[in-house]
Amino acid sequence: MTRQRIGLMSVVVRDYDEALAFYVDALGFTLVEDTPVPEQNKRWVVVAPPGARETRLLLAQASNEQQAGRIGNQTGGRVFLFLYTDDLQRDHAAYAAKGVRFVQPPVVQPYGQVAVFEDLYGNLWDLLQPNAD
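- The protein has the name VOC family protein in an unreviewed UniProt entry, where Ideonella lacteola is given as its organism.

Remarks on the nonpolar core
Part 1 of the reasoning: Formed by 29 residues in total, the largest nonpolar core has its most connected members in Tyr23 and Leu59.
Part 2 of the reasoning: Contributing elements (two or more residues each) for this core: β1 (8-13), α1 (16-26), β3 (42-48), β4 (56-61), β5 (79-84), α3 (88-97), β7 (112-118) and β8 (124-130).
Part 3 of the reasoning: Apart from the residues within four sequence positions on either side, Tyr23 is in contact with Val11, Gly28, Phe29, Val47, Leu57, Leu59, Asp119, Leu120 and Trp125.

Overview of α1
Part 1 of the reasoning: For α1, the full list of buried residues reads Tyr16, Ala19, Leu20, Phe22, Tyr23 and Ala26.
Part 2 of the reasoning: Measuring from the side-chain oxygen of the N-cap residue of α1 to the backbone nitrogen of Asp17 gives 3.0 Å; that N-cap residue is Asp15.
Part 3 of the reasoning: Two residues or fewer past α1, Gly28 is found with a positive phi of approximately 80°.

Criteria and thresholds
- Residues numbered from 1 in each chain as written.
- Predicted model: local features only at pLDDT ≥ 70, side-chain atom pairs only at ≥ 80, totals over all residues.
- Heavy atoms only, no water.
- Core = buried A, V, L, I, M, F, W, Y, C linked by side-chain atoms within 4.5 Å.
- Buried < 20%, exposed > 50% of the residue type's maximum accessible area, 1.4 Å probe, protein only.
- Helix = DSSP H or I, 4+ residues; strand = E, 2+ residues; numbered from the N terminus.
- Contact = heavy atoms within 4.5 Å.
- Polar contact = N/O pair within 3.5 Å; in protein donor to acceptor, adjacent residues only side chain to side chain.

This is how it looks when you write it as structure tokens:
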């Protein structure tokens, strides 16, 4: 039987270090890898939410004008990523205390509790606590 999974998703960023400050310091993600790639004048920077086992984020610094034009608008203004949590109220309060900007406060939906926040560039995220199965 074939088994596949999404291992990495790229988020185009303006600067590696400012992106790390947001994802690691404000969101509490773990820095998984930060390896220089000198032949390309880049770094391989991977972060993951606490407890994540599979999908991680590759913070990809824009290397040309076309990529730079996508920073903060990778999906045309739609929610870009969905961060699942086991405690929305806890994470909402912690993120807000660290200056994360919420564009929608926590609300109850048929599928669970959700709040929408922006990353440091304006990409929209759902912070989602799904209903228990």
